[in-house]
Amino acid sequence: MKDVVYMKEALKEAKKAFDLEEVPIGAVLVHNDRIIAKGHNQVELLKDATAHAEMLCLTSGAAFLENWRLTGATLYCTLEPCAMCAGAMLSSRIDRLVFGAPDLRVGVCGSWIDLFANEHPIHSIEIVRGVLEAESAALMREFFQLTRKKKCTNQSSPY
């Protein structure tokens, strides 16, 4: 199944974030059965709260296509998107969103709230949930377990 293949690529991006001590979220943007953009969280590196994997990926995809309208594209994310990222997805007109693990804190595909429950006046996105959910969730758990250990042993760490 193509969704699993592309989600594995998003997980590779999440692992890059993990290795950089960023929250391990990864994304890939696929258009015409080809990855046109990749992204992983860079919030800490860039000191920018908007540097989410999805946002960086959408920006790169628009640059690649030379068009802000990403119709025909599917965004694969390892974690359910937040409101900011979901808004960017609607605005950029992606066709599909495929995500791995739910985010009970800020997920907007039904875990915290559902921004997609009501029909959008301009655009709708097909949403597929739970692709490689266990792998995505395990990476997040491992990251936050390590983060808590670092906090206990090193109070000067930003984590």
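Draft legend 1. Focus on the packing of aromatic side chains. As enumerated under the stated definition, the model contains three aromatic pairs in all. Aromatic pair tyrosine 6 and tyrosine 76: ring centres 5.4 Å apart, planes at 45°, arrangement tilted. Here tyrosine 76 lies in strand β3 (residues 73–79) and tyrosine 6 lies in helix α1 (residues 2–19), a separation of 70 residues in the sequence. Ring centres of phenylalanine 143 and phenylalanine 144 lie 5.0 Å apart, and the angle between their planes is 85°; on these two criteria the pair is classed as edge-to-face. Among the residues examined, phenylalanine 144 registers a relative accessible area of 31% and is labelled partly exposed. Connected via pairs of aromatic rings, a cluster forms that spans Phe18, Phe143 and Phe144.

Draft legend 2. Highlighting the nonpolar core. In terms of nonpolar packing, the biggest core is built from 31 residues, with Leu29, Leu75, Met89, Ile94 and Leu97 touching the most fellow members. At five residues, the largest contribution of residues to this core is made by helix α4 (residues 83–92). Each residue touching methionine 89, except ones within four places of it in the same chain, is listed here: Glu54, Leu58, Leu75, Cys77, Pro81, Ile94, Leu97 and Ile125. By size, the runner-up hydrophobic cluster in this structure holds 14 residues, among which are Ala10, Ala14, Tyr76 and Leu139.

Draft legend 3. A look at α4. Turning to α4, its buried residues number three or more, namely Cys85, Ala86, Ala88, Met89, Leu90 and Ser92. Within two residues after α4, arginine 93 carries a phi angle of roughly 70°, on the positive side.

Draft legend 4. Structural view of unusual backbone geometry. Notably, glutamate 21 is not glycine yet its phi reads approximately 60°, a positive angle. Counting through the fold element by element, glutamate 21 comes out in the loop between α1 and β1 (26–31). Its identity as a non-glycine residue notwithstanding, glutamate 66 has a phi of 55°, on the positive side. Inspection of the secondary structure assignment puts glutamate 66 in the loop between α3 (53–65) and β3. You can call glutamate 66 exposed: its relative accessible area is 72%.

Draft legend 5. Molecular detail of the packing of α1 against helix α5 (residues 133–153). Packing of α1 against α5 brings their axes to within 11 Å, and their N-to-C directions diverge by 0°. Overall, the two elements α1 and α5 adopt an arrangement that is roughly parallel. Residue-level inspection shows Leu11, Ala14, Lys15 and Phe18 of α1 in contact with α5, the latter providing Glu135, Ser136, Leu139, Glu142, Phe143 and Leu146. For the contact of α1 with α5, the class distribution of residues is six nonpolar, one polar and three charged.

Reading the values: rules and limits
- Residues numbered from 1 in each chain as written.
- Predicted model: local features only at pLDDT ≥ 70, side-chain atom pairs only at ≥ 80, totals over all residues.
- Heavy atoms only, no water.
- Phe/Tyr/Trp six-rings, centres within 6.5 Å; stacked < 30°, edge-to-face > 60°.
- Helix = DSSP H or I, 4+ residues; strand = E, 2+ residues; numbered from the N terminus.
- Buried < 20%, exposed > 50% of the residue type's maximum accessible area, 1.4 Å probe, protein only.
- Core = buried A, V, L, I, M, F, W, Y, C linked by side-chain atoms within 4.5 Å.
- Contact = heavy atoms within 4.5 Å.
- Axes fitted to C-alpha atoms, helices over the stretch in contact; angles between N-to-C directions.
- Parallel < 35°, antiparallel > 145°, perpendicular 65-115°, else oblique.
- Nonpolar A, V, L, I, M, F, W, Y, C, P; charged D, E, K, R; others polar.

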